[in-house]
Amino acid sequence: MGDTNKEKQLAALEAAKLVEDGMVLGLGTGSTAYFAIEEIGTMVRNGFSVTAVATSARTEEQALKLGIELVSIDDVDSIDLTIDGTDEFDPHLNLIKGGGGALLKEKMVARMSDRQVIIADSTKKVEKLGAFRIPVEVLPFTVNYVKSMIDDSGGKGHIRMDGDEFYLTDEQNYIIDADYGLMDDPYGISDYLNDIEGVVCNGLFLDLAEMVIVGEGDRIVTYTREIEEEQVEQDAEDGRLHG
Ligand code: 5RP
């Protein structure tokens, strides 16, 4: 197994220790989440009882093979714990996600989760978000409009392709990968993207992760976000929603 894969597996096994009997789980998508789902499958085989929401068709298929009981995202009010991967995370534990195209359900489960735990290999850690382009999921008939709105705002939109065809998400939407360079104000960019008609979801996950568990060589390093009460109260007064 390559070094990066080993780091992913280390982080995933550590995160799986947070799973408790009876929990409702959010199952992420990608090569790192894969290892966590395998481990949860082993726990289920050993007698654990959990219910899970899958964030993509790929994850659903894996979970079903492992005998993990699945429910639809719309059939749960809240989720106890979500374990998911990331494309980048910064020192505030803000993320760029959606490299695998599953950002819509990934963001929904993140918002619905009491605990959002991110697992990553050491290449995902950055000082500033933005070397990885921000995936923006859009309704198909708005793709050129949204791209022009991104280009007009100092970014550069790249329509994601799958060979000669537009890449399609599980929900049959398109993705524009938006390059804003390294970002000083990801909140402003996220708000701007969310305001464009046709945007279904953007891949900036701000103030959502509680913890990032990283495999660094043979070590596991855990970063925890301190939720600043004052800031939370202030945001509630402003009626401002991040992310
Ligand atoms: C999928 C995601 C993934 O979590 C992200 O792309 C990381 O993937 P990997 O674990 O394969 O590096 O956001 O939409």
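Residues numbered from 1 in each chain as written. Predicted model: local features only at pLDDT ≥ 70, side-chain atom pairs only at ≥ 80, totals over all residues. Heavy atoms only, no water.

### Overview of the packing of helix α2 (residues 31–45) against helix α3 (residues 57–65)
Definition in use: Note on geometry: axes are lines fitted to C-alpha atoms, helical ones only across the stretch in contact, with angles between N-to-C directions running from 0 to 180 degrees. Helix and strand definitions follow DSSP, with helices as H or I runs of at least four residues and strands as E runs of at least two, each counted in order from the N terminus. Under this scheme an angle from 65 to 115 degrees is roughly perpendicular, one under 35 degrees roughly parallel, and one over 145 degrees roughly antiparallel; angles in between are oblique. Take the far helix as the reference: if the near one is turned anticlockwise from it by less than a right angle, the crossing is left-handed, and if turned clockwise, right-handed. Whether two residues are in contact is decided by their heavy atoms, any of which lying within 4.5 Å being enough. In this classification, Asp, Glu, Lys and Arg are treated as charged, Ala, Val, Leu, Ile, Met, Phe, Trp, Tyr, Cys and Pro as nonpolar, and every other residue, Gly included, as polar.
Packing of α2 against α3 leaves a shortest axis separation of 9 Å and a crossing angle of 25 degrees. It follows that α2 is roughly parallel to α3 by the angle criterion. The hand of the α2/α3 crossing is right-handed. Judged by residue contacts, Tyr34, Ile37 and Glu38 of α2 engage Thr59, Gln62 and Ala63 from α3. Taken together, the residues that form the contact of α2 with α3 break down as 3 nonpolar, 2 polar and 1 charged.

### Digging into unusual backbone geometry
Operational definition: Any residue under 20% of the maximum accessible area for its type is buried, any over 50% is exposed, and the rest in between are partly exposed; the area is computed with a 1.4 Å probe on protein chains only.
With a phi angle near 65 degrees, glutamine 172 is a residue other than glycine that sits in the positive phi range. Tracing the backbone shows glutamine 172 in the loop between β11 (165–166) and β12 (174–179). The exposure class of glutamine 172 is partly exposed, given its relative accessible area of 48%. If you check the backbone angles, aspartate 207 has positive phi at about 60 degrees while not being a glycine. Structurally, the position occupied by aspartate 207 is in the loop between β14 (204–205) and β15 (211–216). Aspartate 207 sits in the partly exposed class, given a relative accessible area of 26%.

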